[in-house]
Amino acid sequence: MKKIFFILVFSITLAQCQEKTNSCPDENKFFIRNNTELKFDKKDFNIYESINKENEERFIVINSNGKCIINTKSLLSTDEVEGYATNFIRKTKNGFYYSFEYGNRYHYEYELYFKYLKGKFYLFKVIQKFSDLANPNSVKAKTINVSNKQFSLFDIHNYLPK
């Protein structure tokens, strides 16, 4: 009896998680910015930044035929850092990348690169740029190669300075 109960609860929880992943943000509650369109394996993808109208929470969405993959940990919010802005989302030969920046005097800029493999998008490279705007010669760049982290599972906080 306990096993049946556990299986039932697990199935319901799994179904709810999948529904969350497959439902797109409500257009009445979110703005859409910085989008690009891609086509892989005869599937159309619209990739965009979604911004909550009430609290400015931001995240990247991958929409294909009305089904969305949402990663709420893909962007920072204006509450987390000063001077935050998503610069763009652009397509590449094998996927897409997006850029964001934040900071005032100490300025950080990031580019996150994703490739399409076997029906999913994977993070494979992060470029970090840092500069002290009071010192024009202080620009430093660092490339982090990532071992194909699935889009829905990565957390941008893991790639920020400690």
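What you are looking at is a predicted structure, and each value in this text was computed from that prediction instead of being measured.

Peer 1: Just checking my understanding: could you explain the state of the cysteines for this structure?
Peer 2: Each disulfide consists of one covalent bond between the sulfur atoms belonging to two cysteines. Evaluation of the coordinates by the stated rule reveals 1 disulfide. Disulfide pairing is shown between Cys-24 and Cys-68; the S-S distance is 2.0 Å. Measuring the twist about the S-S bond at about 95°, one finds the Cys-24-Cys-68 disulfide to be right-handed. Here Cys-24, found in the loop between helix H1 (2-22) and strand S1 (30-40), pairs with Cys-68, found in strand S4 (residues 67-71); they are 44 residues apart in sequence, far enough to count as distant. The class for Cys-68 is buried, based on a relative accessible area of 0%.

Peer 1: It is not clear to me how empty space enclosed by the protein should be interpreted in this structure. Could you clarify?
Peer 2: Take a probe with the size of a water molecule and roll it over the atoms, and the empty space left behind shows itself. For the structure shown, the criterion picks out 1 cavity of 30 Å³ or more. Of the pockets and cavities examined, the largest cavity occupies roughly 30 Å³. Every residue along the wall of the largest cavity is listed here: Pro-25, Asp-26, Glu-27, Phe-30, Ile-32, Tyr-48 and Ser-50. Of all elements in the fold, only S1 and strand S2 (43-52) reach the threshold of two or more residues within the lining of the largest cavity. Partitioned by chemical class, the residues of the lining of the largest cavity number 4 nonpolar, 1 polar and 2 charged.

Peer 1: How should unusual backbone geometry be read in this particular structure?
Peer 2: For residues other than glycine, phi is negative in most cases, and the peptide bonds are mostly trans. The backbone of Asp-41 sits at a positive phi, close to 50°, despite the residue not being glycine. Along the polypeptide, Asp-41 turns up in the loop between S1 and S2. Despite not being glycine, Lys-42 shows a phi value in the positive range, around 65°. Of note, Lys-42 is situated in the loop between S1 and S2. The class of Lys-42 is exposed, set by a relative accessible area of 80%.

Peer 1: I would appreciate a short explanation of the pairing of strand S7 (residues 106-117) in the present structure.
Peer 2: On any regular strand, side chains alternate: one points to one face of the sheet, the next to the other face. Pairing of strand S6 (residues 95-103) with S7, which is carried by 9 bridges, proceeds in the antiparallel orientation. Within the sheet, the bridge partner assigned to Gly-95 lies in S7 and is Lys-115. Taking the residues that link successive antiparallel strands as the turn, the S6-S7 hairpin has 2 residues. Taken together, the 12 bridges between S7 and strand S8 (residues 120-132) define a ladder with antiparallel strand orientation. By the bridge assignment, Leu-117 is partnered in S8 with Lys-120. Remark: 2 residues form the turn of the hairpin made by S7 and S8, two consecutive strands paired antiparallel; Lys-118 in that turn has positive phi of roughly 50°.

Rules used in this analysis
Residues numbered from 1 in each chain as written. Predicted model: local features only at pLDDT ≥ 70, side-chain atom pairs only at ≥ 80, totals over all residues. Heavy atoms only, no water. Disulfide = S-S within 2.5 Å. Helix = DSSP H or I, 4+ residues; strand = E, 2+ residues; numbered from the N terminus. Buried < 20%, exposed > 50% of the residue type's maximum accessible area, 1.4 Å probe, protein only. 1 Å grid on protein atoms, 1.4 Å probe; cavity = no way out; pocket = protein on both sides within 12 Å on 5 of 7 lines; lining within 4 Å. Points joined across faces, edges and corners; volume = space filled by probe spheres on them. Nonpolar A, V, L, I, M, F, W, Y, C, P; charged D, E, K, R; others polar. Pairing = 2+ DSSP bridges.

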